[in-house]
Amino acid sequence: MSLHEDAVHVLKEYEGRDDDQRALRDVYLDHLANHPDGVYKPCRAGHVTGSALVVDPERGRVLLTLHKKLGMWLQMGGHCEPGDPTLAAAALREAVEESGIGSGLALLPGGPVRLDRHPIPAPCNWHLDVQYAALAPAGSVAEISEESLDLRWFPYEEVPAVADTSVVRLVEAVRARL
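What you are looking at is a predicted structure, and each value in this text was computed from that prediction instead of being measured.

Parameters and conventions
Residues numbered from 1 in each chain as written. Predicted model: local features only at pLDDT ≥ 70, side-chain atom pairs only at ≥ 80, totals over all residues. Heavy atoms only, no water. Disulfide = S-S within 2.5 Å. Phe/Tyr/Trp six-rings, centres within 6.5 Å; stacked < 30°, edge-to-face > 60°. Helix = DSSP H or I, 4+ residues; strand = E, 2+ residues; numbered from the N terminus. Buried < 20%, exposed > 50% of the residue type's maximum accessible area, 1.4 Å probe, protein only. Lys NZ or Arg CZ within 6 Å of the ring centre and 35° of its normal. Core = buried A, V, L, I, M, F, W, Y, C linked by side-chain atoms within 4.5 Å. Contact = heavy atoms within 4.5 Å. pLDDT = per-residue confidence, 0-100. Salt bridge = Lys/Arg side-chain N within 4 Å of Asp/Glu carboxyl O. Expected span 1.5 Å × (residues − 1). Arc of directions from axis to C-beta. Polar contact = N/O pair within 3.5 Å; in protein donor to acceptor, adjacent residues only side chain to side chain.

### What to know about the state of the cysteines
Part 1 of the argument: In this structure the tally under the stated criterion is zero disulfides.
Part 2 of the argument: C43 provides the cysteine sulfur closest to C80, a residue in no disulfide bond, and the two sulfurs are 12 Å apart.

This is the structure we're talking about:
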């Protein structure tokens, strides 16, 4: 199965928590139906990305990265690469790379937690982000990557003060799933 086929399969299985999420799923599926390259960065109409919110449920906190280009606190994530066998693998790869947690990081079962579509600068137009949750093993030590200005654990309650609405909604969805 190709990454494109996996993305279609994952999205068809995604039920979403509300009508907005289900409508967004349909937008993603339409995009993939019209763009065989829609999972990769060169697709100028937009492309699917994979991200994962790193969570430490025992301590009630999440790991966010201060994105170097955007200057915003975000979950780990980014572009799919040709070597990624699945969308989940792409999200987990990004979480490992950007968190520095190399051992024991695992995606929360049940597939994606949320979808978030956001505009990006030209030449591309959209990131169609498929958002997962990654559970951090006890005693995890995070290590900043070259893609970040900072990397920090935030208690759930502090996220609205530092992050945008999309991250806040992702935290809420992950907590509901937990």
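Back to the write-up after that little detour.
### Quick notes on the packing of aromatic side chains
Part 1 of the argument: Following the criterion strictly, the structure yields one aromatic pair and no others.
Part 2 of the argument: Taken together, a centroid distance of 5.0 Å and an interplanar angle of 75° make the contact between W73 and F154 edge-to-face. One end of the pair, W73, is in strand β3 (residues 73-74); the other, F154, is in strand β8 (residues 148-155), with 81 residues separating them in the sequence. We note that W73, like F154, is buried.
Part 3 of the argument: A cation over an aromatic ring shows up here: R61 above the ring of W153, its NZ or CZ 4.1 Å from the ring centre.
Part 4 of the argument: Its guanidinium or amino end placed over the ring of W126, R117 lies 3.7 Å from that ring's centre, counting from NZ or CZ.

### Notes on the nonpolar core
Soluble globular proteins tend to pack their nonpolar side chains together in the buried interior.
Part 1 of the argument: One finds V54, L87 and V130 to be the most contacted residues of the largest nonpolar core, which totals 31 residues.
Part 2 of the argument: A total of five residues in this core trace back to one element, the largest contributor, which is helix α1 (residues 3-13).
Part 3 of the argument: The residues touching V54, leaving out its near neighbours within four places in the chain, are R61, V62, L63, M76, A95, S99, I101, L105, A134, A136 and W153.

### Quick look at the confidence of the model for the protein
Part 1 of the argument: When pLDDT is averaged across the protein, the result is 94; 100% of the residues are at 70 or more.
Part 2 of the argument: In the model of the protein, strand β6 (residues 114-119) stands out as the element of lowest mean pLDDT, 92, in contrast to helix α4 (residues 159-162), which has the highest, 98.

### Focus: the pattern of salt bridges
Think of it this way: side chains of opposite charge can pair up when their charged atoms draw near.
Part 1 of the argument: A complete count under the given rule lists eight salt bridges for this structure.
Part 2 of the argument: Salt-bridge contacts for R93 lead to D84; the nearest nitrogen and oxygen are separated by 2.8 Å.
Part 3 of the argument: Residue D150 pairs with R152 through a salt bridge whose shortest N-O separation is 2.6 Å.
Part 4 of the argument: Overall, the relative accessible area of 22% leaves D150 in the partly exposed class.
Part 5 of the argument: Note on R152: relative accessible area 39%, which makes it partly exposed.
Part 6 of the argument: By sharing partners, the salt bridges in this structure join E81, D84, R93, E94 and E97 into a single network.

### A look at α1
Residue pairs three or four apart in sequence face the same way in an α-helix, which turns once every 3.6 residues.
Part 1 of the argument: If you check which residues of α1 are buried, you get L3, H4, D6, A7, V8, V10 and L11.
Part 2 of the argument: The secondary structure elements touched by the buried residues of α1 are α2 (19-34), α3 (87-99), β6 and β7 (126-135).

### Let's talk about α2
Part 1 of the argument: Helix length check: α2 (16 residues) gives 23 Å between terminal C-alpha atoms against 22 Å at 1.5 Å per residue, within 8%.
Part 2 of the argument: Among all positions of α2, only Q21, L24, R25, Y28, L29, H31 and L32 are buried. Down the axis, α2 shows its buried residues gathered within 155° of arc, on one side only. Looking at α2, the residues exposed on the side facing more than 90 degrees away from the buried face are D19, D20, A33 and N34.
Part 3 of the argument: Buried residues along α2 sit in contact with α1, β1 (47-56), β6 and β7.
Part 4 of the argument: A distance of 3.1 Å separates the backbone nitrogen of D20 from a side-chain oxygen at the start of α2, and that oxygen is part of D18.

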